[in-house]
Amino acid sequence: INAEYGAFLAHRLKTIMTEPNKKRKANSDNNTDAPEAKKIELETKNDKQTKKDTGLEETFENLELEDEFSDEFEPEVIEVDGESENDEDLLEVEEFKKKQAEEEKNKNVKPARKVWIPGQNMVGKQKLEYESKAYDMIHFLQVEWPCLSFDFLADNLGTQRKRYPHTAYLVAGTQATRKQRNKILLMKMSCLQKTKYDQVDESDSESDDDENNDEDPVLEFRQINIQPCTNRIRAMPQRPGIVCVQLDKKPYVRLWDLTKHLQSLDNVPNTKLNNNPDPLIEFGGHPSEGFAINWSLIEPGRLLTGDCQKYIYLWDYKSGVWHTDMVPFTHGASIEDLQWHPSQPNIFASCSVDKTIKLWDTRQTHKKWTTSVEAHTSDVNVISWNTKVDFLIASGSDDGSFKIWDNRKMTEPQMNFAWHRGPITSIEWNPQDTSVLAASSEDDSVSDIRTFIINLF
């Protein structure tokens, strides 16, 4: 008899053995005839006297234990409809084994993942998990204080990097609870390994990489102490150590040269770095704080800054000195974003709370826009100029939509995407791929658009 069948029979035997005791107890409880009880008691006394007279009285020496159920459990097989009780027991054992196997199988089955849809699925206390197979590489970095703005720094490691691990440089500005704790952070992130199959079993992995992906990412940083909070920070593409920062306190725009701090991330400096350097320039021309900065990709040092009033100021770098044109370009409301034309040094675009996108030519002495279009039904928050297809501009708005424009005919958008359920907060073309555009929203999601661009040619 196998172990399962033996265990099953033992359980049945225990159940049956307890039934006679229960029946006897029930009969005893139901017997209320007092005279009959006396009769049984007298018979018991007579039996004892007889045993004593005949020498058969039970003593400790002649006591024998008898199984009161020995006659009730003689092995027998009762046929019922052509089947025996043993057959029924075997069937029950088989069902028991199947149930156990099913339970064991269910333990190893992972619950099906559900796709989170912004605006439709409420997160609550649930934790969202990313799907590793959706990304070639994904790493997470948490800094000490929130940062409203950051910028990737140009390096000499190449633009089409396909071999892992990767290295990247960043600059960011903080929004600390106390102004004395605010900083500009220069960061170097290295050993960024490919993570596409981190959540997949090795047997299921399709990766053909022979590279060693066991090393942990490395973060090195330098910090510069500043007191105001950073609204926007951008580094000069040609000289990434030069950073322009828009702050929430006067003077609202400042330039720093952090070249030595940036170089120290790759080489240990011979002298101690100054963590409280003075800015190169402090510009007090803006009447209020702002959130719009853009460096020219063509002319080194050429810069645009915009404020929350409605003014845009042009900076030029000549003979090692920055000069600011004190006659601003003007919108109807707060300036939200600025973009230089990727191939024409005198053309730039701006967007505003006044719902418009405007194109400007810096050679115009009257500071009048050359093109203006009411682009959205609400504030236009962000714009991005395609660096490879230089007539395409992307815009994002408080109304939750983002659009694609052809600056040669700005009468209507070429495409309109309106599925987001919150304001568009950032938008960017891939600088190396004309067909890739990313847009982020306050609904906690990012759209990655890849295939539509062919329809515009």
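Just so it is clear, the model here is predicted, and its values are computed rather than measured. For every chain, the first residue of the written sequence is number 1, and numbering continues from 1 onward in sequence order. pLDDT decides what is reported in this predicted model: residues at 70 or higher carry local features, side-chain atom pairs at 80 or more are listed and counted, and totals for whole chains, interfaces and linings draw on all residues regardless. Side-chain figures throughout are based on the complete set of non-hydrogen atoms in the structure, without hydrogens or water.

Caption draft 1: Expanded view of the sheet that holds strand S4 (residues 166-173). Note: two strands are recorded as paired if DSSP finds a minimum of 2 bridges between them. Numbering goes from the N terminus for both helices and strands, where a helix is a DSSP run of H or I of at least four residues and a strand is a run of E of at least two. If you walk across this open sheet you meet the four strands as S3-S4-S5-S6, and the pairing is antiparallel. Strands with a single pairing partner mark the edges of an open sheet, and in this sheet they are strand S3 (149-152) and strand S6 (218-225). Neighbouring strand axes in the sheet, compared pairwise and without regard to direction, differ in orientation by 20° on average. Two strands pair when backbone bridges link them, and strand S5 (residues 183-192) and S6 are joined in this way by eight bridges, in the antiparallel orientation. Of the residues in S6, the one forming a bridge with Lys-183 is Asn-225. Every axis corresponds to a line fitted to the C-alpha atoms, with the helix fit spanning only the stretch in contact, and the corresponding angles, defined between N-to-C directions, vary from 0 to 180 degrees.

Caption draft 2: How the structure looks around a negative patch on the surface. Note on patches: the residues involved have over 30% relative accessible area and no salt bridge, like charges join within 9 Å, and the nonpolar side chains Val, Leu, Ile, Met, Phe, Trp and Tyr join within 5 Å. All accessible-area figures derive from a Shrake-Rupley calculation using a 1.4 Å probe, and residue coverage is judged against the displayed protein chains alone. Each salt bridge in this description consists of a side-chain nitrogen of Lys or Arg and a carboxyl oxygen of Asp or Glu lying within 4 Å of one another. Under the convention used here, Asp and Glu are negative, Lys and Arg are positive, and both His and the chain ends fall outside the count. Here the site of a charge means NZ on Lys, CZ on Arg, CG on Asp, or CD on Glu. Together, Asp-398, Asp-399, Glu-442 and Asp-444 line one region of the surface with negative charge. Its place among the elements puts Asp-398 in the loop between strand S21 (392-397) and strand S22 (402-406). Working definition: with a 1.4 Å probe on protein chains only, accessible area under 20% of the residue-type maximum means buried, over 50% means exposed, and in between means partly exposed. Residue classification places Asp-398 among the partly exposed residues on the basis of a relative accessible area of 31%.

Caption draft 3: Expanded view of the environment of Asp-448. Its location among the elements puts Asp-448 in strand S26 (residues 446-449). Accessibility expressed as a relative area gives 41% for Asp-448, which makes it partly exposed.

Caption draft 4: Just the nonpolar core, in detail. Here, nonpolar core means buried Ala, Val, Leu, Ile, Met, Phe, Trp, Tyr and Cys residues that are tied together by side-chain atoms lying within 4.5 Å of each other. Among the nonpolar cores identified, the biggest contains 16 residues, and Val-171, Ile-184 and Leu-186 are the most heavily contacted of them. Elements that contribute at least two residues to this core include exactly S4, S5, strand S7 (230-235) and strand S8 (242-247). Among the elements that make up this core, the one with the highest residue count is S8 (three residues). When neighbours within four sequence positions are excluded, Leu-186 is seen to be in contact with Leu-153, Leu-170, Val-171, Glu-220, Phe-221, Arg-222, Ile-224, Leu-258, His-261, Leu-262 and Leu-265. We call two residues in contact whenever any of their non-hydrogen atoms come within 4.5 Å of each other.

Caption draft 5: Here's a closer look at the packing of aromatic side chains. Pairing of aromatic side chains requires ring centres within 6.5 Å, counting the rings of Phe and Tyr and the six-membered ring of Trp. Pairs whose planes differ by under 30 degrees are stacked, by over 60 edge-to-face, and all others tilted. This model, assessed by the stated rule, comprises 14 aromatic pairs. Between Phe-150 and Phe-152, the aromatic rings sit 5.9 Å apart at their centres with planes inclined by 80°, giving edge-to-face as the arrangement. For Phe-152, a relative accessible area of 53% corresponds to the exposed category. Pairwise contacts between aromatic rings join Phe-329, Trp-340, Phe-348 and Trp-360 into one cluster.

Caption draft 6: Spotlight on the pattern of salt bridges. This structure, assessed with the given rule, holds eight salt bridges. One salt bridge connects Lys-196 with Asp-136, and the closest N-O pair in it is separated by 3.7 Å. Of this pair, Lys-196 sits in the loop between S5 and S6 while Asp-136 sits in the loop between helix H3 (85-107) and S3, and the two are 60 residues apart along the sequence. The exposure class of Lys-196 is partly exposed, given its relative accessible area of 23%. The class for Asp-136 is partly exposed, based on a relative accessible area of 41%. Arg-161 is the salt-bridge partner of Asp-155, the closest N and O atoms lying 2.4 Å from each other. Look at Asp-155 and you get partly exposed, because its relative accessible area is 29%. Linked by salt bridges that have partners in common, Glu-299, Arg-302 and Asp-316 make up one network.

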